Amino acid sequence: MSDIGEDDRLRTNTDEAGDDIYSEDGSIRADFLAMVGAAIADRDVLFLRSHVARLHESELGDLLEAILPEQRQALVRLLGKDFDLTALTEVDEAIRLEIVDQMPNEQIAAAIGDLDSDDAVYILEDLDHADREEILAQLPFTERVRLRRALDYPEQSAGRRMQTEFVAVPPFWTVGQTIDYMRDEEDLPESFTQIFVIDPTFKLLGVIDLDRILRTKRQIKIETIMRETNHPIPADMDQEEAAQIFEQYDLLSAAVVDENGRLVGVLTIDDVVDVIQEEAEEDIMRLSGVGDEELSDSVTDTSRSRVPWLLVNLFTAFISASVISLFEATIEQVVALAILMPIVAGMGGNAGSQTMTVTVRALATRNLDIHNAWRVARREAGVGLINGIVIGCLVGTVAGLWFHNVHIGGLIATAMLINMFAAAMAGIMIPLVLDRAGADPAVSSAVFVTAITDTTGFFSFLGLATLWLLN
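So, here's what we can say about the structure. (Residues numbered from 1 in each chain as written. Predicted model: local features only at pLDDT ≥ 70, side-chain atom pairs only at ≥ 80, totals over all residues. Heavy atoms only, no water.)

## Things to note about the overall build of the protein
- When you go through the protein residue by residue, the secondary structure sums to 23 helices and six strands.
- Relative to the globule expectation of 23 Å for 471 residues, the C-alpha radius of gyration of the protein, 30 Å, shows a markedly less compact shape.
- Overall size of the protein, expressed as C-alpha extent along the three principal axes, is 95 × 75 × 45 Å.
- When burial is assessed residue by residue, the protein has 45% of its 471 residues classed as buried.
- Long-range pairs, those at least 24 residues apart, make up 66% of the contacts in the protein between residues at least 6 apart in sequence.
- Working note: accessible area of the protein is about 25100 Å², and carbon and sulfur atoms make up 56% of it. (Helix = DSSP H or I, 4+ residues; strand = E, 2+ residues; numbered from the N terminus. Rg over C-alpha atoms; globule rule 2.2 N^0.38 Å. Buried < 20%, exposed > 50% of the residue type's maximum accessible area, 1.4 Å probe, protein only. Contact = heavy atoms within 4.5 Å. Areas by Shrake-Rupley, 256 points an atom, 1.4 Å probe, with all protein chains shown as cover.)

Written out as structure tokens, the structure is:
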């Protein structure tokens, strides 16, 4: 009997395991990771080319995030030109930079030439200026000009996200000429659904869907069947605004134009989906005060991104503590107050976070503006009052029975009503004020809402208790 190791048996049975590298919970299968790790350790290039290089870019991206850092570098080296650079658009920025920094610029330049322009820009924009220029210098002139133009647009703009590969024809061409052009021309996008119509200066005149081309006779001129472009997107428009246009008008692609209305690229739905996901993740992270932190970030970088807002929270905590100190004598007389205080502040904080999250998201999607702000504020005020009455009565009953004191029950019930109402108002008004002032409400709202609910909760509860004791 031959001596076959466990890793060899795993690799021998690769085909039997099927093509799906994911387990039922969506993570990469442990046996596949073991096979890849063994192949990297054994420098089994044949296995890696047949089972890793064939992966879809998103699958390869997930694999790169799942394996160890030293395995990533070895995998890229072993695959060489067979490594799909597009996979780097699917990983965290830290991992992307880690891999690219170890790759020779010549290899990056060779791979960049095979990428769509939007993917190429996505990778190039994170490189050092010197490395980027060295890579661009090795590309053909036309491609170099396209990428430089895209890189000149602001970060997170439509110009950075667009593809510079598109099909454009003059209005005086016939349908037959357009079809022949698409059949004969080799330098066309891999996939497209629209043909743009331009004048000699590249000014956008209109657009034609491919299905309209196929249903029209060859002798018909393009200008007679073209339609006006639906919502052309300025190249310097923020990518989130562009994504909202796609969402509002159910677009699959849209022309991107410069300040003079000249066609410079096309924005497609696959890139817009990525934008929507990135912006949603960014809003969630900012609401927690962790910025653009990623799982692959180092301990130092992660700590550095979190400390500033923790310091702000610490400052607001001292403000709340100072409010408590004003009623030190009251707390000494009624120990139950110290036990119940966190309930009032905690419930107010939760209520404020609920309203704040809804408000920030509504502002981000532009469903909330100055025209309907007052109506929404009145609704939230009503919600705060109703929730305050319901929760206040419940907590007041429990507290009264717990301490056998109906007055304490009444105190906490009243304080809860006041704080829940204040939380609702703070949750909507603070994001609105910050947005009006030009600040990002997703970043700044949480700390201020928490400060208000804590301060209001402590002051109302202890203040009412003091009045009750004095009387």
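Still more to cover.
## With respect to the packing of helix 21 (residues 373–403) against helix 22 (residues 406–436)
- Remark: helix 21 packs on helix 22, axes separated minimally by 7 Å, with the N-to-C direction vectors making an angle of 155°. Looking at the two axes, helix 21 sits roughly antiparallel to helix 22. Helix 21 and helix 22 meet at a crossing whose hand is right-handed. (Axes fitted to C-alpha atoms, helices over the stretch in contact; angles between N-to-C directions. Parallel < 35°, antiparallel > 145°, perpendicular 65-115°, else oblique. Left-handed = near helix turned anticlockwise from the far one by under 90°.)

## So, helix 5 (residues 57–66)
- Here helix 5 has its buried residues at Leu60, Gly61, Leu63 and Leu64. Down the axis of helix 5, the buried set is contained in an arc of 160°. They therefore lie on one face.
- Here the buried face of helix 5 lies against helix 3 (30–41), helix 6 (69–79) and helix 7 (93–102). (Arc of directions from axis to C-beta.)

## Remarks on the environment of threonine 450
- Checked against the element boundaries, threonine 450 lands in helix 23 (residues 441–470).
- Residue classification places threonine 450 among the partly exposed residues on the basis of a relative accessible area of 34%.
- In sequence terms threonine 450 and glycine 349 are 101 residues apart; their C-alpha atoms lie 5.6 Å from each other.

Purely geometric numbers; function is a separate question.
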